[in-house]
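What the coordinates show
Listed below are the residues making up each chain.
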Amino acid sequence: MSSRTLPYSSKDVDYDNAKFRYRSPFKVVTQAFSTNSIRHDCGRCGVGKFLMLLMISGLTYLMVIHKSPSQLASRRFLENTTTGDGYHVKERIGKIGRFLQKPPRLPPQFSPDDIKNSSWNLNPNKLYDKSELMSRQNQVKEAFIHAWSGYRRYAMGYDELMPLSQKGVDGLGGLGATIIDSLDTAMIMGLNEIVSEATTWVEKNLMERINRKGHVNLFETTIRVLGGLLSAYHLGRGEHEVKSKVFLDAAKNLADRLLSAFTSSPTPIPFSDVVLSERSAHAAPDGLSSTSEVSTLQLEFNYLSKLYGDPRYGLEAMKVLEHFKTLPKVEGLVPIYISPYSGQFSGENIRLGSRGDSYYEYLIKVWIQQKDSRNNQLKYLHDMYEEAMKGVKHLLVRKSTPKELVFIGELPYGSKGSFSPKMDHLVCFLPGTLALGATKGLTKRKAIELNLLTDEELENLSLAEDLAKTCFEMYSVTSTGLAPEIAYFNIEGNSEHGLDGGNKSSEYVNDIIIRPNDRHNLLRPETVESLFVLHRITQDPKYREWGWKIFQAFEKHTKVDSGGYSSLSDVTRIPTHKRDKMETFFLGETLKYLYLLFGDDDILPLDKYVFNTEAHPFPII
Ligand code: DMJ
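Cut-offs used in this document
- Residues numbered from 1 in each chain as written.
- Predicted model: local features only at pLDDT ≥ 70, side-chain atom pairs only at ≥ 80, totals over all residues.
- Heavy atoms only, no water.
- Helix = DSSP H or I, 4+ residues; strand = E, 2+ residues; numbered from the N terminus.
- Buried < 20%, exposed > 50% of the residue type's maximum accessible area, 1.4 Å probe, protein only.
- Contact = heavy atoms within 4.5 Å.
- Areas by Shrake-Rupley, 256 points an atom, 1.4 Å probe, with all protein chains shown as cover.
- Phe/Tyr/Trp six-rings, centres within 6.5 Å; stacked < 30°, edge-to-face > 60°.
- Lys NZ or Arg CZ within 6 Å of the ring centre and 35° of its normal.
- Disulfide = S-S within 2.5 Å.
- Core = buried A, V, L, I, M, F, W, Y, C linked by side-chain atoms within 4.5 Å.
- Near = heavy atom within 4 Å.
- Polar contact = N/O pair within 3.5 Å; in protein donor to acceptor, adjacent residues only side chain to side chain.
- 1 Å grid on protein atoms, 1.4 Å probe; cavity = no way out; pocket = protein on both sides within 12 Å on 5 of 7 lines; lining within 4 Å.
- Sits in = over half its atoms within 2 Å of the grid points.
- Nonpolar A, V, L, I, M, F, W, Y, C, P; charged D, E, K, R; others polar.
- Points joined across faces, edges and corners; volume = space filled by probe spheres on them.
- Expected span 1.5 Å × (residues − 1).
- Pairing = 2+ DSSP bridges.
- pLDDT = per-residue confidence, 0-100.
- Axes fitted to C-alpha atoms, helices over the stretch in contact; angles between N-to-C directions.

We now examine the overall build of the protein chain. Looking only at helices and strands, one finds 24 helices and 15 strands in the protein chain. In the protein chain, buried positions account for 59% of the 621 residues. In the protein chain, once contacts between residues fewer than 6 apart in sequence are set aside, the share between residues at least 24 apart is 72%. About 24800 Å² of surface is accessible on the protein chain, with carbon and sulfur atoms providing 53% of the total.

Bringing the packing of aromatic side chains into the picture now. Evaluation of the coordinates by the stated rule reveals 18 aromatic pairs. Ring geometry for Phe324 against Phe345: centres 5.6 Å apart, planes inclined by 55°, an arrangement best described as tilted. Remark: Phe345 occurs in strand 8 (residues 345–346) and Phe324 occurs in helix 16 (residues 312–326); sequence separation between them is 21 residues. A residue is classified by how much of its surface remains accessible, and Phe324, at 0% relative accessible area, is buried. Ring geometry for Phe532 versus Phe611: centroids 5.8 Å apart, planes at 75°, classification edge-to-face. Of this pair, Phe532 sits in helix 22 (residues 526–538) while Phe611 sits in strand 14 (residues 609–611); the two residues are 79 residues apart in sequence, bridging distant segments of the chain. The structure contains a cluster of three or more aromatic residues connected by ring pairs, namely Phe324, Phe345, Tyr359 and Tyr360. Its end group placed over the ring of Phe419, Arg398 keeps NZ or CZ at 3.9 Å from the ring centre. Geometry around Tyr488 places Arg515 over its ring, the cationic atom sitting 3.7 Å from the centre.

Quick look at the state of the cysteines now. With the rule as written, the count across this model stands at one disulfide. Between the sulfur atoms of Cys428 and its disulfide partner Cys471 the distance amounts to 2.1 Å. Every disulfide takes its handedness from the sign of the S-S torsion; for Cys428 and Cys471 that torsion is -95°, giving left-handed. Taken as a pair, Cys428 in the loop between strand 11 (422–424) and helix 19 (430–439) and Cys471 in helix 21 (residues 455–476) lie far apart in primary sequence, 43 residues in all. Each member of the pair Cys428 and Cys471 is classed as buried.

Ranked by internal contacts, the top residues of the largest apolar core, which has 161 residues, are Phe301 and Phe324. Setting aside residues no more than four positions away along its own chain, Phe301 makes contact with Thr222, Leu226, Ala255, Leu258, Leu259, Phe262, Tyr313, Gly314 and Ala317.

The ligand sits among Ile223, Arg224, Leu426, Arg524, Pro525, Glu526, Phe585, Glu589, Thr613 and Glu614. Thr613 has a polar side-chain atom sitting 2.7 Å from an oxygen atom of the ligand. One nitrogen or oxygen atom from the side chain of Glu614 is found 2.5 Å from an oxygen atom belonging to the ligand. Taken by itself the ligand offers 290 Å² of open surface, and the protein chains cover 92% of this. Comparing atom positions with the cavity grids shows the ligand to sit within the largest pocket. Among the secondary structure elements, those contributing two or more residues to the shell around the ligand are helix 11 (218–236) and helix 24 (584–597). Split by residue class, the shell around the ligand holds four nonpolar, one polar and five charged.

The next thing to look at is the layout of surface pockets. Size it by volume and the largest pocket reaches roughly 660 Å³. In terms of lining residues, the largest pocket is bounded by 32 residues, among which Phe219, Glu220, Arg224, Glu293 and Arg524 are the most central. The set of elements that each furnish at least two residues to the lining of the largest pocket consists of strand 3 (215–217), helix 11, helix 14 (291–294), helix 17 (357–369), helix 22 and helix 24. Take the lining of the largest pocket: its biggest share by element is five residues, from helix 11. Looking at the lining of the largest pocket, its residues break down into nine nonpolar, nine polar and 14 charged.

For Arg536, the location among the structural elements is in helix 22. Among the polar contacts listed, one links the side chain of Arg536 to the backbone oxygen of Asp600, at a separation of 3.3 Å.

Right, let's get into helix 16. In this model helix 16 runs 22 Å from its N-terminal to its C-terminal C-alpha over 15 residues, within 8% of the 21 Å that 1.5 Å per residue would give. When helix 16 is considered as a whole, its buried residues turn out to be Tyr313, Gly314, Glu316, Ala317, Met318, Val320, Leu321, His323 and Phe324.

Next up on the list: the pairing of strand 12 (residues 486–489). Side-chain alternation along strand 12 places Ile486 and Tyr488 on one buried face and Ala487 and Phe489 on a second face that is also buried. Here three bridges tie strand 11 to strand 12, and the two strands are oriented antiparallel to one another. Looking across to strand 12, one finds that Asp424 is bridged to Ile486. Sheet analysis places strand 12 next to strand 13 (residues 512–513), joined by two bridges and oriented antiparallel. Within strand 13, the position partnered with Tyr488 by the bridge is Ile513.

Here the structure, examined in full by the defined rule, presents five cavities of 30 Å³ or more. There is about 90 Å³ of room inside the largest cavity. Going through the elements one at a time, helix 19, helix 22 and strand 14 are the ones with two or more residues in the lining of the largest cavity. Here the residues of the lining of the largest cavity are counted per class, giving seven nonpolar, two polar and two charged.

Looking at the protein chain as a whole, its pLDDT mean stands at 84, while 79% of the residues score no less than 70. Taken as a whole, residues 60–126 scores under 50 in pLDDT and shows 93 contacts with residues more than four places along the chain or in a different chain.

Turning our attention to the sheet that holds strand 3. Within the open sheet, the three strands sit side by side as 3-4-5. Their pairing is antiparallel. Strand pairing shows two members of the sheet lacking a second neighbour, strand 3 and strand 5 (280–282), which therefore form its edges. Neighbouring strand axes in the sheet, compared pairwise and without regard to direction, differ in orientation by 30° on average. In this structure, strand 3 lies alongside strand 4 (residues 273–275), joined through three bridges in antiparallel fashion.

The next point concerns the environment of Leu587. Along the chain, Leu587 falls in helix 24. Accessibility expressed as a relative area gives 0% for Leu587, which makes it buried. A C-alpha to C-alpha distance of 7.6 Å links Leu587 and Thr178, two positions 409 residues apart in sequence. Aside from chain neighbours lying at most four places away, what touches Leu587 is Phe144, Ala147, Trp148, Thr178, Ser182, Thr185, Met582 and Lys592.

Have a look at this one:
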């Protein structure tokens with residue numbers, strides 16, 4: 001089955017981006033005057049009406065001599081991109097002030113030549129042979145088949161495959177997590193046999209597992225299993241209506257049990273651990289929940305509420321974000337632990353890596369998910385996201401030496417403590433999120449043509465591109481071409497020598513430091529996720545090239561002949577030592593994003609779908 005025939009292309013979701021469209025005051029008034037009713041009435045105007053008309057004309061003139069900030073920003077952005085300027089738009093504010101006093105320039109803001117000549121106007125299809133793209137997509141599909149066949153042969157029904165030991169392991173509570181995390185990827189790739197194997201397993205086993213199994217982590221189970229079931233239900237609908245009902249039923253049963261994490265907590269912050277069979281929940285041994293975990297449940301619970309017409313799931317999950325709104329923050333940034341007993345943050349450690357990451361991702365994605373509430377009930381999420389991104393730019397963004405890679409560091413002791421130039425690979429979700437937050441899934445070209453981008457969004461988009469480069473260089477600086485779990489960056493007054501990634505020909509060999517304990521690679525998706533989103537939004541073919549290099553490195557160094565792929569112990573050494581684990585997200589996320597990167601833009605378009613943090617797409621409501 002070709003993926004184009006699946007029922008999840010743009011046509012089955014009605015989306016109207018008129019909300020973002022800027023109409024100049026001039027246009028508003030001229031359009032108002034061109035309506036039939038006014039023309040008709042004016043035929044019979046008296047003196048009063050004539051005076052009224054004069055007044056409106058005067059007002060119109062006053063309005064058109066002002067320009068919207070987004071129009072100004074768009075014009076300036078075009079200049080920035082063509083001159084290769086950075087994202088520090090604010091430095092040019094003096095110029096803007098002068099520009100504002102100049103006579104008005106009426107739409108269109110960009111001449112066709114402007115648009116044609118600007119550096120972002122690259123048509124990837126002109127640069128690529130279609131057959132080359134299809135061949136790349138097929139190779140990613142083959143990789144997925146190889147991963148699945150290892151899992152199926154040695155670990156079917158277990159959470160994860162140990163490809164070297166050729167057995168399965170239940171590291172996620174025993175719900176067959178690889179099967180469910182993989183389902184929608186197999187659907188997107190049009191792999192019918194795998195879809196049917198996985199569906200049969202779900203039909204026969206999942207309900208019983210959910211009813212009987214013990215401990216699961218609320219977050220992991222929500223993003224991988226609940227999320228996987230919901231998107232499989234959505235994508236499987238239409239052609240397989242009856243069969244896909246099994247996904248929705250299982251999702252509901254699971255969510256009913258997961259709800260105990262919310263309802264048994266004394267505050268809106270849920271407990272992190274759930275005992276499915278007992279429908280009970282409790283805190284982690286240290287009594288704390290991770291900030292990212294409790295704030296990365298809402299897309300899934302909201303979508304289930306929508307599908308079932310039962311608001312309970314969404315309401316419970318949204319209480320968490322409403323509670324976060326009331327908590328004190330550091331320029332929008334939050335510590336990585338929170339207590340479900342007090343509802344307050346614990347400690348001061350601020351980072352966008354582990355335990356912090358997807359808090360920022362869901363602020364904007366939950367806002368994007370519910371189109372009708374963006375300007376009212378959910379506006380606070382956009383405000384929190386904007387404030388947080390300003391905080392990131394002010395407190396966490398730095399440049400390395402000597403080659404000036406832009407990276408995101410950490411504040412382990414809060415804003416008054418010292419800055420740490422440490423960046424987890426997990427932070428590489430941020431370029432994609434920043435780009436999505438800026439254009440709301442439209443292409444950069446379209447967003448600029450429609451004058452939709454504010455100064456802040458232009459800065460964020462530019463930062464996204466800089467960070468994506470850094471994430472890619474974290475791969476290319478190592479001997480294997482694969483990124484370590486954690487990198488440090490050389491900065492003025494804080495350099496470490498002799499800890500490079502092993503690729504001496506990399507331009508950035510002195511900028512990126514890889515400490516011995518951080519050299520493993522878990523087949524993580526964040527960089528290819530951002531490359532996919534940035535490619536969709538900027539249409540710049542370099543993101544496909546980078547993604548292809550990363551894919552080839554996975555193929556070369558992590559593939560296990562007998563089936564499956566394995567995480568690595570040290571990305572700086574060849575031959576590699578394999579760790580004997582294939583994470584579910586390699587099939588659920590990494591290979592899915594790579595496949596989509598080489599595919600057509602109208603498959604799961606970003607202005608109609610929002611991907612949960614585990615790459616499961618849900619339609620924008
Ligand atoms: C995934 O489970 C999700 O992407 C999560 O948000 C972060 N960690 C892994 C992948 O690295």
